[in-house]
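If you want the building blocks of each chain, they are given just below.
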2 protein chains.
Amino acid sequence: MHSKSTKISFATIIFIVLKQKTKMALLIVGHPELDKSIANNAIIEEVKKHDLDIEIRYLHQLYPDYKIDINAEQAALLRHETIIFQYPFYWYNAPAILKLWFDEVFTYQFAYGSKGYKLKGKNFLLSFTVGAPQQEYQALGEHHFGIPEFCKNFEQTAYYAQMNYMAPIYSFGTSTAAGYKESEIRDKAKAHAKILVSALLNLK
Amino acid sequence: MHSKSTKISFATIIFIVLKQKTKMALLIVGHPELDKSIANNAIIEEVKKHDLDIEIRYLHQLYPDYKIDINAEQAALLRHETIIFQYPFYWYNAPAILKLWFDEVFTYQFAYGSKGYKLKGKNFLLSFTVGAPQQEYQALGEHHFGIPEFCKNFEQTAYYAQMNYMAPIYSFGTSTAAGYKESEIRDKAKAHAKILVSALLNLK
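These remarks concern the structure in this document. (Residues numbered from 1 in each chain as written. Chains lettered and ligands numbered in written order. Predicted model: local features only at pLDDT ≥ 70, side-chain atom pairs only at ≥ 80, totals over all residues.)

With respect to the relation of the copies chain A and chain B
Between chain A and chain B, the superposition needs a rotation of 180° and an axial shift of 0.0 Å, giving an RMSD of 0.0 Å. This pairing of chains is accounted for by a two-fold axis. Closest approach to the rotation axis within chain A is made by the C-alpha atom of A:Ala96, at a distance of 2.6 Å. Most of the interface of chain A is mirrored in chain B, where 100% of its interface residues again form contacts. (Least-squares fit on C-alpha atoms with pLDDT ≥ 70 in both. Contact = placed C-beta atoms within 7 Å.)

Brief notes about the packing of helix H2 (residues 39-48) of chain B against helix H8 (residues 182-201) of chain B
All names here are of chain B. Between H2 and H8, the least distance of the axes is 8 Å, while the angle of their chain directions is 45°. It follows that H2 is oblique to H8 by the angle criterion. Considering how the two elements wind past one another, H2 and H8 form a crossing that is right-handed. Seen from H2, the contacting residues are Ala39, Ala42, Ile43, Glu46 and Val47; seen from H8, they are Ile185, Arg186, Lys188, Ala189, Lys190, His192, Ala193, Leu196 and Val197. Grouping the amino acids of the contact of H2 with H8 by side-chain chemistry returns nine nonpolar, one polar and four charged. (Axes fitted to C-alpha atoms, helices over the stretch in contact; angles between N-to-C directions. Helix = DSSP H or I, 4+ residues; strand = E, 2+ residues; numbered from the N terminus. Parallel < 35°, antiparallel > 145°, perpendicular 65-115°, else oblique. Left-handed = near helix turned anticlockwise from the far one by under 90°. Nonpolar A, V, L, I, M, F, W, Y, C, P; charged D, E, K, R; others polar.)

A few points about the interface of chain A and chain B
Contacts between the two partners involve 23 residues from chain A, matched on the other side by 23 residues from chain B. Listing elements by their share of the side of chain A that touches chain B, those giving two or more residues are helix H5 (96-105) and helix H6 (152-160) of chain A. Looking at the side of chain A that touches chain B, its residues break down into 12 nonpolar, six polar and five charged.

Quick look at the environment of B:Asp103
Along the chain, B:Asp103 falls in helix H5 (residues 96-105). Assessed through the 20 C-beta atoms surrounding it within 10 Å, B:Asp103 is described here as buried. Distance in space between the C-alpha atoms of B:Asp103 and B:Glu184 is 35 Å, their sequence separation being 81 residues. Not counting residues up to four positions away in its chain, the partners in contact with B:Asp103 are A:Tyr90, A:Trp91, A:Pro95 and A:Ala96. (Buried ≥ 20, exposed ≤ 12 C-beta atoms within 10 Å, placed from the backbone.)

Digging into H5(A)
Since the α-helix turns once every 3.6 residues, residues separated by three or four places project in the same direction. Along H5(A), nine of the 10 residues are buried, which leaves the element largely enclosed by surrounding structure. Along H5(A), the residues that are buried comprise A:Ala96, A:Ile97, A:Leu98, A:Lys99, A:Leu100, A:Trp101, A:Phe102, A:Asp103 and A:Val105. Among the structural elements, strand E1 (25-29), helix H3 (59-62), helix H4 (70-78), strand E3 (82-88) and H6 of chain A together with H5 of chain B are those in contact with the buried residues of H5(A).

Considerations on the environment of A:His31
Residues and elements named next belong to chain A. Mapped onto the secondary structure, His31 falls in the loop between E1 and helix H2 (39-48). With 26 C-beta atoms packed within 10 Å, His31 lands in the buried category. Considered as a pair, His31 and Ile147 are 116 residues apart in the sequence and their alpha carbons are 19 Å apart. What His31 contacts, discounting residues up to four positions off in sequence, is Ser37, Asn40, His60, Tyr87, Pro88 and Pro95.

Description of the packing of H5(A) against H5(B)
At their nearest, the axes of H5(A) and H5(B) sit 8 Å apart, and the two run at 180° to each other. In terms of orientation, H5(A) lies roughly antiparallel with respect to H5(B). Contact residues: A:Ala96, A:Lys99, A:Leu100 and A:Asp103 in H5(A); B:Ala96, B:Lys99, B:Leu100 and B:Asp103 in H5(B). Its residues assigned to classes, the contact of H5(A) with H5(B) comprises four nonpolar, no polar and four charged.

Examining unusual backbone geometry
Residues other than glycine seldom take positive phi values, yet A:Tyr92 does so here, at roughly 60°. As for its placement among the helices and strands, A:Tyr92 is situated in the loop between E3 and H5. For B:Gln109, which is not glycine, the phi dihedral falls at a positive 70°. Looking at the secondary structure, you find B:Gln109 in the loop between H5 and strand E4 (123-129). Judged by local crowding, B:Gln109 falls into the exposed class, with 11 C-beta atoms found within 10 Å.

See below:
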């Protein structure tokens, strides 16, 4: 009896320790055609399988009219330690809805300003899918630049808000239009989700 | 009489030559708060003073609901040899409406694809205003990167559509919020417009 009671306590302690390691995260999904997406959907579904206490906000479902509820978005940001942005690479950047989210939500005296910097110290993590293969993203490739070169506007946005810009997580070859098979894309999405979950679990 | 007739013909020829040098240009304005803008309005007004045969499309006035008329925009693009994008720098990039314009208008089989590349050879010119001063846009400055580093997504978009990416035209210190006087901003806008008009007149 005494022995059993000790065991339960120990399990409870382990549970609490694990819970503390997995900080609350907010997943902002910026995808205008999520219903047609294989990769982004699969990544989100994989992430949801883990007990990570993640809040997911689907921007296009919340704001099909592009009228962002600034207060709701700012309140959501304040609830979390880590903000993940999940999206497909559209024209070497995020879809417009995500840029609108920044334009509207990262306001003076919230994201910056004398009474701002409300997001200071929070983690900022880009997580996106790139349709084309990796080898095209180099000076001599079709897309001429490496992926991090296309992320600098977001990187500096994070710095300006005094957030912690984490290394972006991205997967290449995730588009059927680029000739990839659905099964292949699903495998890549699973691998992507694994890296993302691991990054979240390793946060201090 | 003969002499006078000769003079008129000569003037006509000069006029035709100048007209041919100033190719038709499309000015796409992406500014959600143009009515409040000093710099962008002043640039546009200055440009309009010149006989440049420019068509101006104010995206936010045309599409306050963010529902872009793709056919109308593609037709407008086909009417011109030079496409200018006029906007204020928002979070190290263009306002969301302009990104939406690319996401929606630069479609497969129009901007690219086996039957696409309809914009091939057209000039692509970014023209924008930056609120903060120039010295902040460097590694040791508040914004850490030079402006061209924030333009690579647009630059590569132009390359992918086989357009001619021209050197962007931009002006620093154009925001009253950053402490600049209205008169100072107007002067900068005039200088900016002069460079823009000159670039258009020098197009082959």
